[in-house]
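# Examination of the molecular architecture
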Amino acid sequence: MYDLVSFVARGSLRKKVLKALLRPNSPAELARTLNTDRPSVSRTILVLEKVGLVECLTPDEKLGRFYRTTETGKKVVAIIEGKGE
């Protein structure tokens, strides 16, 4: 678990995206909310999805996909914020 915590904590955008996805959202909306560019947010989401911290809620959509933090991702956020383990 702490390998994932370390992975997320090393990237400020990873931390912001993971926390923001506690509420389902799209990459475009997240980019606006986090005041960054959409390609960076999309790449970050894909990396977080690959390690099991984020999941796609609309995988069959080509555009406007929605993502959210997984249960493991929620535990990682809690540890980073000092509220877990």
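Up top is the structure these notes are about.
In this report, the structure presented in the accompanying data block is examined. What you are looking at is a predicted structure, and each value in this text was computed from that prediction instead of being measured. (Residues numbered from 1 in each chain as written. Predicted model: local features only at pLDDT ≥ 70, side-chain atom pairs only at ≥ 80, totals over all residues. Heavy atoms only, no water.)

## Structural notes on helix α5 (residues 71–80)
Note the cut-off: For the exposure calls, accessible area comes from a 1.4 Å probe over protein chains only, and a residue counts as buried if that area is under 20% of its type's maximum, exposed if over 50%, partly exposed in between. Counting from the N terminus, the helices are the DSSP runs of H or I reaching at least four residues and the strands are the DSSP runs of E reaching at least two. Relevant arc is that of directions from the helix axis to the C-beta atoms, nothing else.
Turning to α5, its buried residues are Gly73, Val76, Val77 and Ile79. Looking straight down α5, one finds its buried side chains confined to an arc of 160°; they lie on one side.

## Focus on the packing of aromatic side chains
Rules: Any two rings among Phe, Tyr and Trp, with Trp reduced to its six-membered ring, count as a pair given centres within 6.5 Å; such a pair is stacked if its planes are under 30 degrees apart, edge-to-face if over 60, and tilted if neither. For a Lys NZ or an Arg CZ to count as sitting over a ring, it must be within 6 Å of the ring centre and within 35 degrees of the ring normal.
Inspection of the entire model under this criterion finds zero aromatic pairs. A cation sits over an aromatic face here: Arg14 above Phe7, 4.2 Å from the ring centre.

## Considering the nonpolar core
Nonpolar side chains in soluble globular proteins generally cluster together in the buried interior. Selection rule: To define a nonpolar core, start from buried Ala, Val, Leu, Ile, Met, Phe, Trp, Tyr and Cys residues and group those joined through side-chain atoms within 4.5 Å. Throughout, a contact is declared for two residues whenever any of their heavy atoms are within 4.5 Å.
Ranked by size, the top nonpolar core spans 19 residues in total, and within it Leu18, Ile45 and Leu48 carry the most contacts. Of all elements in the fold, only α1 (2–9), α2 (12–20), α3 (27–34), α4 (38–50), β1 (54–56) and α5 reach the threshold of two or more residues within this core. Considering each element in turn, this core owes the most residues, four residues, to α1. If we ignore the near neighbours within four places in the chain, the residues touching Leu18 are Val8, Leu48, Leu53, Val54, Thr69, Gly73, Val76 and Val77.

## Comments concerning the pattern of salt bridges
The test is simple: Criterion for a salt bridge: a side-chain nitrogen of Lys or Arg within 4 Å of a carboxyl oxygen of Asp or Glu.
Applying the stated criterion to the full structure yields four salt bridges. Between Glu29 and Arg32 there is a salt bridge whose closest N-O contact spans 3.0 Å. In this pair, Glu29 and Arg32 are both assigned in helix α3, three residues apart and thus about one turn of the helix distant. The class for Arg32 is exposed, based on a relative accessible area of 58%. Notably, a salt bridge pairs Glu55 with Arg68, separated by 2.6 Å at the nearest N-O pair. Highlighted residues: Glu55 in strand β1 and Arg68 in strand β2 (residues 67–69), separated in sequence by 13 residues.

## Describing the packing of α2 against α5
Two measures define how a pair of helices packs: the angle their axes make with one another and the distance between the axes. What counts here: To obtain each axis, a line is fitted to C-alpha atoms, and for helices this fit is confined to the stretch in contact; angles are then taken between N-to-C directions over 0 to 180 degrees. For this classification, under 35 degrees means roughly parallel, over 145 means roughly antiparallel, 65 to 115 means roughly perpendicular, and everything else is oblique. Each crossing gets its hand from how the near helix is turned against the far one by less than a right angle, where anticlockwise is left-handed and clockwise is right-handed.
Two numbers describe how α2 lies on α5: the axes approach to 10 Å, and their chain directions differ by 120°. Judged by the inter-axis angle, α2 sits oblique to α5. Our pair here, α2 against α5, has a crossing hand that is left-handed. Residues Lys15, Leu18 and Lys19 of α2 form the contact with α5, whose participating residues are Gly73, Val76, Val77 and Ile80.

## Observations concerning α4
Defined as follows: A helix is expected to reach a length of 1.5 Å times the quantity of its residues less one.
Taking 1.5 Å of rise per residue, 13 residues should cover 18 Å, and α4 covers 18 Å from first to last C-alpha, within 8% of that figure. For α4, every residue scored as buried is listed here: Ser40, Val41, Ser42, Thr44, Ile45 and Leu48. Packed against the buried residues of α4 are α1, α2, α3, β1 and β2. The positive-phi residue at the C-terminal boundary of α4 is Gly52, with phi of around 85°.

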